[in-house]
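# Report on the structure
Here is what each chain is made of, one letter per residue.
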Amino acid sequence: MTLVRAPDTVELLEALAQHLVDLGLARWDPNLTAYPAGALPVVFFGQLPDKPDAAILLNAYNDDRTRDEATPDYYVQLRFRTAGKDVKVVERLADSVFRALDDRLYERSNTVWAGVNILSCHRHIRGPAALEASNRYTRPDSYTITTNPGATL
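Since we're looking at a predicted model, the values are computed, not measured. (Residues numbered from 1 in each chain as written. Predicted model: local features only at pLDDT ≥ 70, side-chain atom pairs only at ≥ 80, totals over all residues. Heavy atoms only, no water.)

## Observations concerning the packing of aromatic side chains
Counting across every chain of the model gives three aromatic pairs. Ring plane angle 80 degrees and centroid distance 6.4 Å describe the contact between Tyr35 and Phe44, whose orientation is recorded as edge-to-face. Using a relative accessible area of 14% as the deciding quantity, one classes Phe44 as buried. With a centroid separation of 6.2 Å and an interplanar angle of 40 degrees, the aromatic rings of Tyr61 and Tyr75 are classed as tilted. Here Tyr75 lies in strand 3 (residues 73-82) and Tyr61 lies in strand 2 (residues 55-64), a separation of 14 residues in the sequence. A relative accessible area of 45% places Tyr61 in the partly exposed class. Relative accessible area serves as the criterion here: at 19%, Tyr75 is assigned to the buried category. One residue, Arg123, lies across the ring of Phe98, its end atom 3.6 Å from the ring centre. (Phe/Tyr/Trp six-rings, centres within 6.5 Å; stacked < 30°, edge-to-face > 60°. Buried < 20%, exposed > 50% of the residue type's maximum accessible area, 1.4 Å probe, protein only. Helix = DSSP H or I, 4+ residues; strand = E, 2+ residues; numbered from the N terminus. Lys NZ or Arg CZ within 6 Å of the ring centre and 35° of its normal.)

Listed below in structure tokens is the structure:
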């Protein structure tokens, strides 16, 4: 008998990063440590480096299995950062990711991101945009991502 397990945090975050790449919303390559200049933001984990200006930071802050061990809810913050002092640029980036990820908008569910079965994904917090010390805007949004490792999709 093969045991089916929920993804660990790293697997989920890497699947999300790859999904953003597949959607044409970001750049990420697990084999790169430096990225050439480009129009799309670069995905990072843990902490945002100073460069590049356009970036998306992914951090998981909870793995909740109290409702159902087989379909855990992961709480993930996406922090968006863009160059310049026009707040609309970071708002557009975050909103484009929201439209692509939140399954309630288009009544999508049961998708696969880089081999991880996703039962649902929705934004539960839309954070305020703020100017950071380096004069770039950031905006944090938080999503609930529910996986269903036993599903056949």
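## Considering the nonpolar core
Of all hydrophobic cores here, the largest spans 30 residues; its most connected members are Leu16, Leu20, Ile56, Leu78, Val97, Leu101 and Ile145. The set of elements that each furnish at least two residues to this core consists of helix 1 (9-22), strand 2, strand 3, helix 2 (87-101), strand 5 (116-126) and strand 7 (137-147). (Core = buried A, V, L, I, M, F, W, Y, C linked by side-chain atoms within 4.5 Å.)

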